[in-house]
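# Observations on the three-dimensional arrangement
Read off the chains here:
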Amino acid sequence: MAAERPADTEDPVGYFLQDMTYHGKTDRTRAAYERVLRAFESFLGDPSRNPSGSARSVDDATHRDCMAWIHTLRNRDVAPSTVATYASYLHRFYAYMAQVGAFDSNPMSLVMEEMDERIDTNPARRELSVPQMRAFVRGIAHPLDHALVVTLLKTGMRVGELCNLDLRDVSLATDTPLAGVSTRAALDGRGPSIYVAADPSVGSVTNGEERTASNKRKRSTVVPVDDELEAVLLRWLAIRPDSPSPADPLFVGTASGWGRRLDPDAVHHVVTSHAADAGWYRSGGDREENVTPHYFRHFFTTHLRDRTGDRGIVKYLRGDVAGDIIDTYTHNWGDRVRETYESNIYSLR
């Protein structure tokens, strides 16, 4: 049965972006798509640039229009991986609109088959030394911003996992502000640690609160907290606003959204603002040059793996392994994971 043509698609790009919201995509992802799709829309509307010689709209574009737009990107010396990324955005837009019955076909299908450019799934990234990162961290004064950056750098967790942390997921020394908080059983006897769960996802209710971010761990993980991270978290907890959420999120807003759980876009803004001040981020830059929250996961992995020579423990801490492999480290946590971590984790002070 053919899909019924939507009645409210006078602005096809706007329709698609709204559906991205309904599907749980982040504001940052949606903004990236909007930037690309509106640029293509502008290209079609300029008769001097598109092959037809007259203004077109996205719903009557042909494969030649799409190819011509890709060609303009190449002529602007856009990196091949970026050309491939932009093409994939356009392809996904047309595929979705055809699937819901708004468009009759996807003019990008043939273009994608003929393109030589491919998305680089493992790009070379900016290489920063521990002393460089240490100087960067020392320049962050606000207790919340400082805690966000140090937690990411010291644990290698994803930004969504950071945002989903509740007070119950953190165990610190007995004489800390968390002394009265009931923590997870998995943290009992582990010393200062953070529990990174596998289950929270966008739209699900976890610990009494609907979540705006997803964790992507194959299995839940207990990550050690060293003295440095503990001190940073204690500094944050001393000024942390009370939250209206029954889940008691660890990281909450101190400006707009006072006391409410931070979402990935807020953390991304914090990190990239400081990175821009350091000359490590620019709008429109790619993964090869920009420092973002995900870069910190790369930094953690590279430096801890090089220091320990133990890929298994690093994979365990990242939450990248499941089954009997992660069970080995879980059962051997006290005398292997924490000892290896504390002996090798870099100092940011």
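Here we summarise the structure given alongside this text. Source: prediction; values computed, not measured.

## Digging into the layout of surface pockets
Taken as a whole, the second largest pocket encloses approximately 460 Å³ of empty space. In terms of lining, the second largest pocket is formed by 24 residues, of which the most central are G253, G257, R260, R261 and L262. Elements represented by at least two residues in the lining of the second largest pocket include exactly α7 (143–155), β4 (209–210) and α10 (264–277). Of all the elements, α10 adds the most residues to the lining of the second largest pocket, at 4 residues. Here the residues of the lining of the second largest pocket are counted per class, giving 8 nonpolar, 10 polar and 6 charged.

## A word on empty space enclosed by the protein
One pass over the full model with this rule turns up 1 cavity of 30 Å³ or more. If you trace the largest cavity, you find 13 residues lining it, with N164, D169, A197, P200 and N215 closest to the centre. A breakdown of the residues in the lining of the largest cavity according to their chemical character gives 5 nonpolar, 3 polar and 5 charged.

## Topic: the sheet that holds strand β5 (residues 221–224)
Judged by pairing direction, the sheet is antiparallel, and its 3 strands sit side by side in the order β1-β2-β5 without closing on themselves. Sheet topology places β1 (170–171) and β5 at the edges, where each strand pairs with a single neighbour. As paired strands, strand β2 (residues 193–196) and β5 are joined by 4 bridges and run antiparallel to one another. Across the sheet, Y195 pairs through a bridge with V222, a residue of β5.

Rules and cut-offs
- Residues numbered from 1 in each chain as written.
- Predicted model: local features only at pLDDT ≥ 70, side-chain atom pairs only at ≥ 80, totals over all residues.
- Heavy atoms only, no water.
- 1 Å grid on protein atoms, 1.4 Å probe; cavity = no way out; pocket = protein on both sides within 12 Å on 5 of 7 lines; lining within 4 Å.
- Points joined across faces, edges and corners; volume = space filled by probe spheres on them.
- Helix = DSSP H or I, 4+ residues; strand = E, 2+ residues; numbered from the N terminus.
- Nonpolar A, V, L, I, M, F, W, Y, C, P; charged D, E, K, R; others polar.
- Pairing = 2+ DSSP bridges.

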